[in-house]
Number of protein chains: 2
Amino acid sequence: MAYQNTETRSDSTSESQHDNALSIPMGEYETRRAPYFWERKLLTKLMEYVGGPPVQFELWDGSQVRLDGTSPRFTLGLTDPKALYHLVANPNLAFGDLYSAGRLTVSGDLTELLTTLYRATHNARQQWPAWLEKLWANHAPRSTDLTEARQNIHHHYDLGNEFYRLWLDTAEMQYTCAYYETPDLTLEQAQLAKLEHVCRKLQLKPGQTVVEAGCGWGGLARYMARNYGVKVHAYNISKEQLAFAREEARRQQLDHLIDYVEDDYRNISGQYDAFVSVGMLEHVGTGHYSDMAAVIKRSLKPEGLALLHSIGRNRPMKMNAWIEKRIFPGAYPPSIGEFMGICEEGAFSVLDVENLRLHYARTLEHWKERFEAHLDEVIAMYDEHFARAWRMYLSGSISAFETSSLQLFQVVFSHGENNAVPRNRKHLYESPAAPESV
Amino acid sequence: MAYQNTETRSDSTSESQHDNALSIPMGEYETRRAPYFWERKLLTKLMEYVGGPPVQFELWDGSQVRLDGTSPRFTLGLTDPKALYHLVANPNLAFGDLYSAGRLTVSGDLTELLTTLYRATHNARQQWPAWLEKLWANHAPRSTDLTEARQNIHHHYDLGNEFYRLWLDTAEMQYTCAYYETPDLTLEQAQLAKLEHVCRKLQLKPGQTVVEAGCGWGGLARYMARNYGVKVHAYNISKEQLAFAREEARRQQLDHLIDYVEDDYRNISGQYDAFVSVGMLEHVGTGHYSDMAAVIKRSLKPEGLALLHSIGRNRPMKMNAWIEKRIFPGAYPPSIGEFMGICEEGAFSVLDVENLRLHYARTLEHWKERFEAHLDEVIAMYDEHFARAWRMYLSGSISAFETSSLQLFQVVFSHGENNAVPRNRKHLYESPAAPESV
């Protein structure tokens, strides 16, 4: 298991009164003494600094702390004094860690709580004093150089195909934003619609060649080969994903059209009619955007089209510390300006930018529903700490897209001199992108 | 006449052998002596530095200069030695000035020549020595502060409505990129399609309010009022355009829905369901992009949509010196990154970027055809120098879009927190945007 936790945990299996089916390990933390006056005061200050959201705390002795005049919609339980100090000193990191460890519990819907906290904090932080901004600053994210990139990707994507199979779509194991062409689509339909939407944006024709940077479980490559008759070179540095991708291509008798390459995007060779990367740019890091531009520049034919699909931001912001440390080491979603910097670096002509932010919120809701439905299996595969961490990650991500803390940009571009580009985008909408059923 | 020329010109009316219907004023320049050796050498170096395009020079004595081994497709005539020195010392500025003055003549199609020169120079300039880059550097563009902005706009847009009426579309006097939804559209159809496309992107509903920054002759405001039943506050600082706009709104009985305001965009007040600006950002200047962001931020309702339509670049580049000096004082087309900087500044969420570059090349072709058909009237209104300058401007602009030196970006965005945004772009393509006939 690649997932690493820095907290020492007990093996307690006592059930939380708040969190369904997940236990709270409290054995080794002090829980008997009454909270001190200043501990209650610290929580009050914390609530004030995050904009006075409608929450209250319930401490280890059962006593409660709330701001005067508020009507709490959520109760956050703290199981021990140390949890309280962690939370106050570094809420960005500690909230997720304590929740994962069962030392911070939530009554009320976790996603709704996070959305409420995001919105309150977003407005309140304009007024933060400098010392607080500094105290709560996010840590420096990990490197995305060649060696570290392999470790980063291994940490997340090599958790095991069986784990991801529990809650991703059954159609093509897509671990990126789906496209809800109509709001009622199933996850499977919406993921296939996303693949179709991407292919249409690239205007693929039979016999063309495509290079894919970061292919996940290989679903886009297979979709392109199967439905558009193109040859795909698909790069990935996750061994687990590649094993699945190759097996699945053989099963679908597409292996003559697809070459899954275990290598870093920086080592892409050859020239192709299309360059595509769905959900990898988040792992590239701004320090390597010029590498990325150079790779696309040299591997895209003069009349080729390129598409980058990535989580992004409205303006440059540090990555959420907990997500970067516990879930996605090295990850950084570019701001729209930083994203365009890649295109400027390559002197590309940006043809089309689409923002699918709310589609990602919906995708994550679908994932989370399935994740919760398979919670017992997740716990059996890993443990409760892992399951709680992933619940936090999925809920937090829904909130982040819902509150516009995160965006999802699909960007189509070409070499600057290419005049054989699509003149409009009608071809994306001439027929439904989603299959009627899957 | 706002158009200013710094060259002293003669009143000669002798016809050029190259340029249809435009005379070459040569009276006061030395044209009798034979070219010196080094003058021919300078032209050879010039041709080498711009990448050896298939052109030759014909000097004032009828002698020719070409690079060894080239087969010229174009002949550039130089009528006097001083023209030669101007051209070599500062081709960016002198090419247009000398052409306007009739001291540089062109045999062959002007637009094709400029396209050829753009492409050759684009490739060759990577190898330019630093001293040459410095020698040929563009000048600093004019200020776009409040007072200068009025002068800049007056210089171009107050040339006279009768002049623009000669060659713009007869439907709504649109002096911005049209939308050739299908390649066979007339200029009138394509301009109306552009207005419709913009309205669809803004998802206008009857009774909503719109503010427009830089409304030209008011066509978009009238289209919105007429076809979408919205109320429009349209700002402009060109008196001539506003006079036309108001008269036309009265004629169409739309004046109860439209308030044409003679004021700078920085003075926009109120809050609106939509913010739109088509072809004004080019005149704002990067130093005022934060003003622009602040204006949009305060004047857009929480659930409103904003659209900026502007000429742009693939990467930051100085404005063409001749165009900035002679045609569009203060103009600067932002790079896609600089454009997105406005959105980042306002913490906006970028929803949709479309690049209509090749539509602008087509629009300009349509304008130039009509301009040439009305050349006698243009000369009668102004003079031959003016007519030649505008021919150069229109041809140069076709080339700039054709060669991808310029882009046309239409950007839709919202406040970051707005979740009432369009989920996809199908609504843009459900029926033709262009009328069947105009």
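Remember, it's a predicted structure, so these values are computed and weren't measured experimentally. (Residues numbered from 1 in each chain as written. Chains lettered and ligands numbered in written order. Predicted model: local features only at pLDDT ≥ 70, side-chain atom pairs only at ≥ 80, totals over all residues. Heavy atoms only, no water.)

Asks: Looking at this structure, how should I read the UniProt feature "domain: DUF7884" (unreviewed entry) in chain A?
Replies: Per the UniProt entry, the sites bearing "domain: DUF7884" (unreviewed entry) are residues 44-123 of chain A in this numbering. The span residues 44-123 of chain A is 50% helix and 19% strand, and its two end C-alpha atoms sit 18 Å from each other. (UniProt positions renumbered as here; feature names shortened; annotations may be inferred. Helix = DSSP H or I, 4+ residues; strand = E, 2+ residues; numbered from the N terminus.)

Asks: So what exactly am I meant to see when it comes to the packing of helix 13 (residues 336-345) of chain A against helix 13 (residues 336-345) of chain B here?
Replies: For any two helices packed against each other, the geometry is given by the interaxial angle and the distance between the axes. The geometry of helix 13 of chain A relative to helix 13 of chain B is characterised by a closest axis approach of 9 Å and an angle of 180° between their N-to-C directions. Taken together, the axis directions place helix 13 of chain A and helix 13 of chain B in an arrangement best described as roughly antiparallel. Seen from helix 13 of chain A, the contacting residues are I336(A), G337(A), E338(A), M340(A) and E344(A); seen from helix 13 of chain B, they are I336(B), G337(B), E338(B), M340(B) and E344(B). Its residues assigned to classes, the contact of helix 13 of chain A with helix 13 of chain B shows four nonpolar, two polar and four charged. (Axes fitted to C-alpha atoms, helices over the stretch in contact; angles between N-to-C directions. Parallel < 35°, antiparallel > 145°, perpendicular 65-115°, else oblique. Contact = heavy atoms within 4.5 Å. Nonpolar A, V, L, I, M, F, W, Y, C, P; charged D, E, K, R; others polar.)

Asks: Is there a simple way to think about the domain arrangement of chain A in this case?
Replies: Note on interface size: it is often stated as the accessible area lost on association of the parts. Residue and element names in this part refer to chain A. As far as domains go, chain A holds domain 1 (37-135) and domain 2 (146-428). Between domain 1 and domain 2, the C-alpha centre-to-centre distance is 34 Å. Domain 1 puts 17 residues into the contact, and the matching count from domain 2 is 19 residues. The three residues of domain 1 that bury the most area against domain 2 are Y99, S100 and Y118, which together make up 36% of that side's buried surface. Across the salt bridge formed by D97 and R326, the nearest N and O atoms sit 2.6 Å from each other. For the pair domain 1 and domain 2, the number of links is eight residue pairs in polar contact (both at pLDDT 80 or more). Secondary-structure elements contributing two or more residues to the side of domain 1 that touches domain 2 are helix 3 (91-101), strand 4 (104-107) and helix 4 (110-124). Examining the composition of the side of domain 1 that touches domain 2, we find that eight residues originate from one element, helix 3, more than from any other. Here the residues of the side of domain 1 that touches domain 2 are counted per class, giving eight nonpolar, seven polar and two charged. (Domains from an automatic or database assignment. Buried area = accessible area lost by both parts, 1.4 Å probe. Salt bridge = Lys/Arg side-chain N within 4 Å of Asp/Glu carboxyl O. Polar contact = N/O pair within 3.5 Å; in protein donor to acceptor, adjacent residues only side chain to side chain.)

Asks: When you look at the relation of the copies chain B and chain A in this model, what are you seeing that I'm missing?
Replies: Copy one and copy two of the chain differ by a rotation about a common axis and a shift along it. Placing chain B over chain A gives an RMSD of 0.0 Å and needs a rotation angle of 180°, together with 0.0 Å of translation along the axis. The relationship between the two copies is best expressed as a two-fold rotation axis. Relative to the rotation axis, the closest C-alpha in chain B is found at V353(B), a distance of 2.4 Å. Of the interface residues in chain B, 100% have counterparts in chain A that sit at the interface too, so the contact is made through matching surfaces. (Least-squares fit on C-alpha atoms with pLDDT ≥ 70 in both.)

Asks: I'm lost on the pairing of strand 1 (residues 55-58) of chain A in this one. Help?
Replies: Every other side chain in a regular strand lies on the same face of the sheet, so the side chains alternate between the two faces. Residues and elements named next belong to chain A. Here strand 1 pairs with strand 3 (residues 74-78) via four bridges, running parallel. Directly across from Q56, in strand 3, lies its bridge partner T75. As consecutive antiparallel partners, strand 1 and strand 2 (residues 64-65) are separated by five residues, and within that stretch G62 has a phi angle of approximately 90°, a positive value. (Pairing = 2+ DSSP bridges.)

Asks: I would appreciate a short explanation of the sheet that holds strand 4 of chain A in the present structure.
Replies: The strands making up a sheet are joined through hydrogen bonds of the backbone, oriented either antiparallel or parallel. Residue and element names in this part refer to chain A. Sheet architecture is open: four strands sit in the order 2-1-3-4, paired in mixed fashion. Whereas interior strands pair on both sides, the edge strands pair on one side only; in this sheet they are strand 2 and strand 4. The sheet strands contacting helix 4 are strand 1, strand 3 and strand 4, and the helix crosses strand 3 at an angle near 95°.

Asks: When you look at unusual backbone geometry in this model, what are you seeing that I'm missing?
Replies: Negative phi is the rule for most residues except glycine; trans is the rule for most peptide bonds. Residue and element names in this part refer to chain A. For M173, which is not glycine, the phi torsion reads 45° and is therefore positive. Tracing the chain through its elements places M173 in the loop between helix 7 (161-165) and helix 8 (187-202). By relative accessible area, M173 is classed as buried at 6%. Residues other than glycine seldom take positive phi values, yet Q203 does so here, at roughly 50°. Given a relative accessible area of 27%, Q203 falls into the partly exposed group. (Buried < 20%, exposed > 50% of the residue type's maximum accessible area, 1.4 Å probe, protein only.)

Asks: When you look at helix 4 of chain A in this model, what are you seeing that I'm missing?
Replies: Look at helix 4 of chain A: 21 Å from first C-alpha to last across 15 residues, which is about the 21 Å you get at 1.5 Å a residue. Put simply, D109(A) is the residue that caps the front of helix 4 of chain A, since its side-chain oxygen is 3.1 Å from the backbone nitrogen of T111(A). (Expected span 1.5 Å × (residues − 1).)

Asks: What is the right way to read the packing of aromatic side chains from this model?
Replies: Any two aromatic rings considered together are summarised by their centre-to-centre distance and by the angle between their planes. The final tally for this structure, using the stated rule, is 55 aromatic pairs over all chains. With centroids separated by 4.9 Å and ring planes inclined at 50°, the aromatic side chains of F348(A) and F413(A) adopt a geometry described as tilted. A residue pair is termed long-range when its members are at least 10 positions apart, and F348(A) in strand 10 (residues 348-355) and F413(A) in strand 11 (residues 407-415) qualify at 65 residues. Judged by its relative accessible area of 0%, F413(A) falls in the buried class. Above the ring of F348(B), the side-chain terminus of K297(B) is found at 5.3 Å from the ring centroid. (Phe/Tyr/Trp six-rings, centres within 6.5 Å; stacked < 30°, edge-to-face > 60°. Lys NZ or Arg CZ within 6 Å of the ring centre and 35° of its normal.)

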